[in-house]
Amino acid sequence: MHLHKKLSIFALSALAFGACTKLDEKLGSTLVRSEAEKVIKVNSLLINAYNDMQLPFQDQSNFWALQEMPSDEAVAPTRGGDWDDNGAWRSLKLHTWTPEHGTIQNTFTNLLLLQFSATNVLNFNPSKQQAAEARFIRALSMFATLDGWGQVPYREPNENLLMPPKVKPAAEAIAFIITELTAIIPDLPERSGTVKAWTASKDAARALLMKCYLNKGAFLNRSNPAFDAADMQQVITLADQVIGSGRYSLANNYFDNLAYNNDVIGTENIFTQQNGPGLSTIRGGNAAFCHWAPTLHYHQMPSGWNGFATTATFYDLFEATDIRRGVAYDGVTDVTGTRVGFLIGQQFDKNGTALKDRKGNNLAFTRDLKLSESGNDLEIKGIRVVKYPPDMVTDGGHNSNNASNDWVFFRLADVMLMKAEAQLRTNNAAGGLLVVNQLRVKRGATPFATLTLANLLDERGREMYWEGWRRQDLIRFGKFLQPWDLKPTDDPRNLLFPIPVNDLAVNPNLKQNPGY
């Protein structure tokens, strides 16, 4: 499927960059650019660009895996013969990856394909709004590439595809992304009743701009990030524009933001990717269902793949009263017995009957977990995480891309925490404390007495766990190289991923990152 997609994209790119391509049945006939512009619809190209976000961002083995598995939040242990994959998942946890690692290669490739799809829109005279939306998608893909690899291959529209793309180093890339996002905000629509969260909007660009300014110092010096006061003020100003719009509010039920009908009840969601039958089913890669399927046991409802887990240390960051730690969720627990949040201890079906694993053990998830489990109880090791409530309505719990949970990129709570961090980094801990405690009270957690970098990082973990930001946060806070559960040591080279060997072979403008 991926090969077919790449060939299709290359064929389209020949049109996009002005080549003459023989498409007519008559021998020797050609389709010149003026004729191509009559055939190719800009809106279709824009839809294709939106669709191409699914594989790199939603799939459990792409960008999400690179953000969560190397962090203190997620683990994919080998269970007997399951989830071994030649040690690929274990190497992400241990930070022992190489330039040949398949997840690193695939994610890099898919992010660049997304950038190409977005740039392709700009070749066919889009309207101002269409161009702005495409440039937003391109900026998002470039931001993720910069975050992972510290350099970004880039082509201008109409560039000769026979030449290798230029590569923007970190300083040039972050400056370009910031300039792009600032320039397109006037041409993007405001979120409204008709402009849904899955359309790039002014607020979506503001949220991504906040990420840029907040992480700028870390992108420029990952070993010792600096935080410019002017950049932090930009974060605060942008946050105030989003928060002050009145379009978003903290959800009464935290998990509503991620439910199958989160397009209706998710009051915090700023930018999403719409999922469901006829949408996520036709795109490459898995959608939101793959963020509950890998963690649930085979005998739970919906039946899962019995893989992913978290550590007891991370679980212990949560107070018992914190709704984010886990609750019974209407439409899921009453139908299946499965709770949402963190699953620990004995699991039950909808009638309250205790479940068993395939070996006859009580299905009671344990705190203890090793990277390689081989005992009789290997199926029950590890605390499980269900961040997106399984769709039992649209998808009927079948674990497929029919699930209608829209994937959430940016939401209000993240904006609030970014603002609080910028305030803290500019000596306004009191202002940041007010913002964080507003969030904690809403989630049922005890208010902080003071705000520090340490408890703010923990709070980002509690609020944003398994949403694909943890590695970035740990690097920005200077904690990524510290030992933690299942990762005893580290190497400074791991602040960047290696450039995949295949890309080095075809693009001489790329330079391998230090230490690889």
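Nothing here was measured: the structure is a model prediction, and the numbers come from that model.

Caption draft 1: Spotlight on the overall build of the protein. Scanning the protein from N- to C-terminus turns up 19 helices and eleven strands. When each of the 516 residues of the protein is scored for burial, the buried share is 60%. Partitioning the intrachain contacts of the protein with sequence separation of at least 6 by distance along the chain shows that 68% fall at a separation of at least 24. If you sum the accessible surface of the protein, you get close to 19500 Å²; carbon and sulfur atoms cover 54% of it.

Caption draft 2: Quick peek at the pattern of salt bridges. The final tally for this structure, using the stated rule, is 40 salt bridges. Note that Glu 373 is salt-bridged to Lys 381, the shortest N-O span being 3.3 Å. Of the two residues, Glu 373 and Lys 381, neither departs from the other in class, the shared state being buried. Connected via shared salt-bridge partners are Glu 268, Glu 319, Asp 322, Arg 324, Lys 387, Arg 411, Arg 440, Arg 443, Glu 459, Arg 462, Glu 463 and Glu 467.

Caption draft 3: Layout of the environment of His 291. Relative to the helices and strands, His 291 is located in the loop between β4 (269-273) and α13 (312-315). Put simply, His 291 and Leu 114 are 177 residues apart on the chain and 21 Å apart in space, counted from C-alpha to C-alpha. If we ignore the near neighbours within four places in the chain, the residues touching His 291 are Gln 58, Asp 59, Gln 60, Trp 64, Val 385, Lys 387, Tyr 388 and Trp 407. At 2.5 Å, the side chain of His 291 forms a polar contact with the backbone oxygen of Gln 58.

Caption draft 4: The arrangement of the side chain of Asn 62 in detail. Relative to the assigned elements, Asn 62 resides in the loop between α4 (54-58) and α5 (63-68). A relative accessible area of 3% places Asn 62 in the buried class.

Caption draft 5: Molecular detail of the confidence of the model for the protein. Per-residue pLDDT for the protein has a mean of 93; in total, 92% of the residues score no lower than 70. Counting interchain partners and residues more than four positions distant, the pLDDT-below-50 stretch residues 1-29 has 48 contacts.

Caption draft 6: Layout of the side chain of Glu 159. Positionally, Glu 159 belongs in the loop between β2 (151-154) and β3 (166-169). Classification of Glu 159 by relative accessible area gives buried; the value is 14%. From its side chain, Glu 159 meets the backbone nitrogen of Glu 156 in a polar contact 2.9 Å long.

Caption draft 7: Fine view of unusual backbone geometry. Each neighbour pair has its own omega, and for Met 301 with Pro 302 the value is -5 degrees, a cis peptide bond. Backbone geometry at His 95 places phi at a positive 60 degrees, although glycine is not the residue there. Within the secondary structure, His 95 sits in the loop between α6 (88-94) and α7 (102-121). Phi angles above zero are rare outside glycine, and Asn 125 is one such case at about 55 degrees. Relative to the helices and strands, Asn 125 resides in the loop between α7 and α8 (128-149). Given the relative accessible area of 64%, Asn 125 is considered exposed.

Caption draft 8: Fine view of the sheet that holds strand β5 (residues 326-327). Taken in spatial order, the three strands of this open sheet run β5-β6-β10, and their pairing is antiparallel. Strands with a single pairing partner mark the edges of an open sheet, and in this sheet they are β5 and β10 (384-386). Relative to β10, strand β6 (residues 340-343) runs antiparallel, the two being bridged by three bridges. Residue Leu 343 lies in a different strand from β10, and its bridge partner there is Arg 384.

Caption draft 9: Spotlight on empty space enclosed by the protein. What the rule picks out here adds up to two cavities of 30 Å³ or more. What lines the largest cavity is simply Phe 57, Phe 63, Trp 64, Leu 140, Phe 143, Ala 144, Trp 407, Val 408, Phe 409, Glu 467, Gly 468 and Trp 469. Taken together, the residues of the lining of the largest cavity sort by class into ten nonpolar, one polar and one charged. Each pocket or cavity is described by its volume, and for the second largest cavity that value is around 30 Å³. Of the residues in the lining of the second largest cavity, the class split is three nonpolar, two polar and three charged.

Caption draft 10: Representation of the environment of Met 301. The topology assignment puts Met 301 in the loop between β4 and α13. Here Met 301 is in contact with Thr 336, Thr 338 and Met 392, once residues within four sequence places are set aside.

Caption draft 11: Summary view of the nonpolar core. Judged by nonpolar contacts, the single largest core of 139 residues is most densely connected at Phe 57, Phe 136, Leu 181, Phe 271 and Phe 410. Among the elements that make up this core, the one with the highest residue count is α8 (twelve residues). Beyond its immediate stretch of four places on either side in the chain, Phe 410 contacts Phe 136, Leu 140, Ala 204, Ala 207, Leu 208, Lys 211, Glu 268, Asn 269, Ile 270, Phe 271 and Trp 469.

Caption draft 12: Structural detail: the packing of helix α10 (residues 202-220) against helix α15 (residues 412-424). It is at 11 Å that the axes of α10 and α15 come closest, and there the two elements cross at 30 degrees. In terms of orientation, α10 and α15 fall into the roughly parallel class. The two elements α10 and α15 cross, and the hand of that crossing is left-handed. For the pair formed by α10 and α15, the contact residues are Ala 207, Met 210, Lys 211 and Leu 214 on the first element and Asp 414, Val 415, Met 418, Lys 419 and Glu 421 on the second. When the residues that make up the contact of α10 with α15 are grouped by side-chain class, the tally is five nonpolar, no polar and four charged.

Caption draft 13: Molecular detail of the packing of aromatic side chains. Evaluation of the coordinates by the stated rule reveals 28 aromatic pairs. Between Phe 57 and Phe 409 the ring centres are 5.3 Å apart and the planes differ by 80 degrees, which places this aromatic pair in the edge-to-face class. Residue Phe 57 is found in helix α4, and its partner Phe 409 is found in strand β11 (residues 407-411); the two are separated by 352 residues along the sequence. Judged on exposure class, the residue Phe 57 and its partner Phe 409 are both buried. Linked through ring pairs, Phe 57, Phe 63, Phe 136, Phe 271, Phe 409, Phe 410 and Trp 469 together constitute an aromatic cluster. Sitting above the plane of the Tyr 154 ring, Lys 168 keeps its charged end 4.7 Å from the centroid. Of note, Lys 168 hangs over the ring of Phe 176, and the distance from its end group to the ring centre comes to 4.7 Å.

So, how was this worked out
Residues numbered from 1 in each chain as written. Predicted model: local features only at pLDDT ≥ 70, side-chain atom pairs only at ≥ 80, totals over all residues. Heavy atoms only, no water. Helix = DSSP H or I, 4+ residues; strand = E, 2+ residues; numbered from the N terminus. Buried < 20%, exposed > 50% of the residue type's maximum accessible area, 1.4 Å probe, protein only. Contact = heavy atoms within 4.5 Å. Areas by Shrake-Rupley, 256 points an atom, 1.4 Å probe, with all protein chains shown as cover. Salt bridge = Lys/Arg side-chain N within 4 Å of Asp/Glu carboxyl O. Polar contact = N/O pair within 3.5 Å; in protein donor to acceptor, adjacent residues only side chain to side chain. pLDDT = per-residue confidence, 0-100. Pairing = 2+ DSSP bridges. 1 Å grid on protein atoms, 1.4 Å probe; cavity = no way out; pocket = protein on both sides within 12 Å on 5 of 7 lines; lining within 4 Å. Points joined across faces, edges and corners; volume = space filled by probe spheres on them. Nonpolar A, V, L, I, M, F, W, Y, C, P; charged D, E, K, R; others polar. Core = buried A, V, L, I, M, F, W, Y, C linked by side-chain atoms within 4.5 Å. Axes fitted to C-alpha atoms, helices over the stretch in contact; angles between N-to-C directions. Parallel < 35°, antiparallel > 145°, perpendicular 65-115°, else oblique. Left-handed = near helix turned anticlockwise from the far one by under 90°. Phe/Tyr/Trp six-rings, centres within 6.5 Å; stacked < 30°, edge-to-face > 60°. Lys NZ or Arg CZ within 6 Å of the ring centre and 35° of its normal.

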